[in-house]
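Survey of secondary and tertiary structure
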Amino acid sequence: MPLKLSLKPGERFVLNGAVVQNGDRRGVLVLQNKASVLREKDIMQQEQANTPARRIYFPVMMMYLDEPGAERYYDEFVRRMSEFMGVIRNPKVLADCVDVSKYCMEREYYKALMLCRKLIEYEDERLGNVPASVPASSDQG
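Residues numbered from 1 in each chain as written. Predicted model: local features only at pLDDT ≥ 70, side-chain atom pairs only at ≥ 80, totals over all residues. Heavy atoms only, no water.

Glancing now at the packing of aromatic side chains. Scanning the entire structure with this criterion turns up 2 aromatic pairs. With centroids separated by 5.4 Å and ring planes inclined at 50°, the aromatic side chains of Tyr64 and Tyr110 adopt a geometry described as tilted. One end of the pair, Tyr64, is in helix α1 (residues 52-65); the other, Tyr110, is in helix α4 (residues 109-127), with 46 residues separating them in the sequence. Of the two residues, Tyr64 and Tyr110, neither departs from the other in class, the shared state being buried. An angle of 45° between the planes, with centres 5.9 Å apart, marks the rings of Tyr74 and Phe77 as tilted. (Phe/Tyr/Trp six-rings, centres within 6.5 Å; stacked < 30°, edge-to-face > 60°. Helix = DSSP H or I, 4+ residues; strand = E, 2+ residues; numbered from the N terminus. Buried < 20%, exposed > 50% of the residue type's maximum accessible area, 1.4 Å probe, protein only.)

Okay, here's the thing in structure tokens:
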């Protein structure tokens, strides 16, 4: 099933590791086959991985963007997820953690990444953080 991206003028995204930028007008891109696509608003820089949930999001994002090299990021993901689950008591959040792990084991990194957003939102609520620096949810997959 094709993936249709509606792009704002100047919007950037990563497509199979390459940073691509839309021109000066709105545009539509249709991808006919499977590709790793992540909009700029969903990309986290390493220095933004500064909370436990964000430290889970970052290696999952890297596994998604660099699927052939995903093993390089998997141990970091497992360590961070184990730490996070060790302090969480909310059954729904723990179930989300299990699902993120399951998706990663199945190499369904985009699904895991979008579920990681729930972990970040939960963490922000608990810590009283303003979610301005959280990568925004997306309609791609």
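To continue, consider the pattern of salt bridges. Summed over all chains, the structure comprises 12 salt bridges. Between Glu11 and Arg39 there is a salt bridge whose closest N-O contact spans 2.7 Å. Residue Glu11 is found in the loop between β1 (3-7) and β2 (12-15), and its partner Arg39 is found in strand β5 (residues 37-39); the two are separated by 28 residues along the sequence. Comparing Glu11 with Arg39, the two get one shared label, buried. For Arg80, the salt bridge is made with Glu76, and the minimal N-O distance between the two is 2.8 Å. A residue pair is termed a helical-turn pair when its members lie 3 or 4 positions apart in one helix, as Arg80 and Glu76 do in helix α2 (residues 71-87) at 4 residues. Judged by relative accessible area, Glu76 falls into the partly exposed class, the value being 26%. One salt-bridge network, held together by shared partners, links Glu76, Arg79, Arg80 and Glu83. (Salt bridge = Lys/Arg side-chain N within 4 Å of Asp/Glu carboxyl O.)

Let us now look at unusual backbone geometry. Phi angles above zero are rare outside glycine, and Asn16 is one such case at about 50°. Within the secondary structure layout, Asn16 lies in the loop between β2 and β3 (18-21). Taking relative accessible area as the criterion, Asn16 reaches 53% and is therefore assigned exposed. Residues other than glycine seldom take positive phi values, yet Arg107 does so here, at roughly 60°.

Time to look at the sheet that holds β2. Strand order across the open sheet formed by 3 strands is β3-β2-β5, with antiparallel pairing between neighbours. Edge positions in the sheet fall to β3 and β5, since each has one partner strand and no second. Adjacent strand axes in the sheet meet at a mean angle of 25°, parallel and antiparallel pairs treated alike. Taken together, the 4 bridges between β2 and β3 define a ladder with antiparallel strand orientation. Within the sheet, the bridge partner assigned to Phe13 lies in β3 and is Val20. (Pairing = 2+ DSSP bridges. Axes fitted to C-alpha atoms, helices over the stretch in contact; angles between N-to-C directions.)

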